[in-house]
Amino acid sequence: MKGVCQKFQNFNWQGHRIHGEWCSEVSDCEEKTAYNPNNRKAIASVKTSKAIVAKAVDVAYESKNKLLGLSFEDKIVYLKKLNSILGDSKKEIISAMRIEVGKAQWEAESDFIAARRYLTWVCENKDVIYRNLLAATSNYNVSGKLKLQPAGVVVAYFSFSSPITTFVSYMSSIIISGCSVVFFVPTQNILFGSIIAGF
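Residues numbered from 1 in each chain as written. Predicted model: local features only at pLDDT ≥ 70, side-chain atom pairs only at ≥ 80, totals over all residues. Heavy atoms only, no water.

**Regarding the pairing of strand S3 (residues 30-35)**
Each regular strand carries side chains that alternate between the two faces of the sheet. Here S3 pairs with strand S4 (residues 42-48) via six bridges, running antiparallel. Its bridge partner lying in S4, Thr33 is registered against Ser45. Connecting the antiparallel pair S3 and S4 is a turn made up of six residues, with Arg40 showing a positive phi of about 60°. (Pairing = 2+ DSSP bridges. Helix = DSSP H or I, 4+ residues; strand = E, 2+ residues; numbered from the N terminus.)

**Observations regarding the environment of Asn65**
By the element assignment, Asn65 lies in the loop between helix H2 (50-63) and helix H3 (72-88). Classification of Asn65 as exposed rests on a relative accessible area of 51%. Once the C-alpha coordinates of Asn65 and Gly152 are considered, the two residues, 87 residues apart in sequence, prove to be 9.1 Å apart. (Buried < 20%, exposed > 50% of the residue type's maximum accessible area, 1.4 Å probe, protein only.)

**Observations concerning the layout of surface pockets**
By volume, the largest pocket amounts to about 1,600 Å³. If you go around the largest pocket, you meet 50 residues; those closest to its centre are Arg17, Ile18, Val181, Val182 and Phe183. The leading source of residues in the lining of the largest pocket is H2, at seven residues. (1 Å grid on protein atoms, 1.4 Å probe; cavity = no way out; pocket = protein on both sides within 12 Å on 5 of 7 lines; lining within 4 Å. Points joined across faces, edges and corners; volume = space filled by probe spheres on them.)

**Structural notes on H3**
The end-to-end C-alpha distance of H3, which contains 17 residues, comes to 25 Å, matching closely the 24 Å that a straight helix rising 1.5 Å per residue would cover. For H3, the full list of buried residues reads Phe72, Lys75, Ile76, Leu79, Leu82, Asn83 and Leu86. Angular distribution of buried residues about the axis of H3 spans 110°; they occupy a single face of the element. Residues of H3 that are exposed and point over 90 degrees away from its buried face: Lys81 and Asp88. Elements in contact with the buried residues of H3: helix H4 (90-100), helix H5 (105-124), helix H6 (126-133) and helix H7 (163-177). (Expected span 1.5 Å × (residues − 1). Arc of directions from axis to C-beta. Contact = heavy atoms within 4.5 Å.)

No statement about biological role is implied by the geometric values presented.
Here it is in structure tokens:
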């Protein structure tokens with residue numbers, strides 16, 4: 001575990017990721033700190049406030065109309081890219097889970113493999129998923145062309161104990177539905193949250 005901890009010794013929080021940009025200037029903020037569960041040493045800290053959350057929600061509402069133009073195939077392509085990016089970030093993600101959640105190496109690796117396998121399954125079974133999404137209409141006499149419409153902005157909160165599993169299950173559902181999203185990461189998952197924010 002010592003080598004894993006050294007990897008994040010000089011961790012520098014870049015800020016909140018909003019609409020592809022880092023926002024580090026947070027007014028009237030409260031500082032939150034993540035601790036290593038094995039030795040209770042501080043790992044990283046972030047600044048947060050109601051104002052920055054409100055900004056993220058406002059931007060999500062402004063962005064939702066841009067997602068309307070994405071086809072179902074476009075969304076699947078995005079999920080494939082996401083799966084590839086996860087693969088490129090394997091070492092960092094597994095290290096973050098070992099430090100923050102206290103998972104053993106084998107457990108963190110198993111979670112990571114399961115998460116990528118799930119995304120692969122979603123992409124390979126896209127036609128089945130699409131049919132099931134429209135299945136409710138098959139019981140009625142519906143004519144014309146049907147299309148999926150996003151419900152709006154999604155606010156999602158990560159699970160502390162299995163952040164990678166929560167992330168891929170949320171993201172696949174959110175992307176397919178075409179909704180913009182605001183992610184809230186538990187204080188215990190600051191490292192993991194910062195890694196995926198860079199995606």
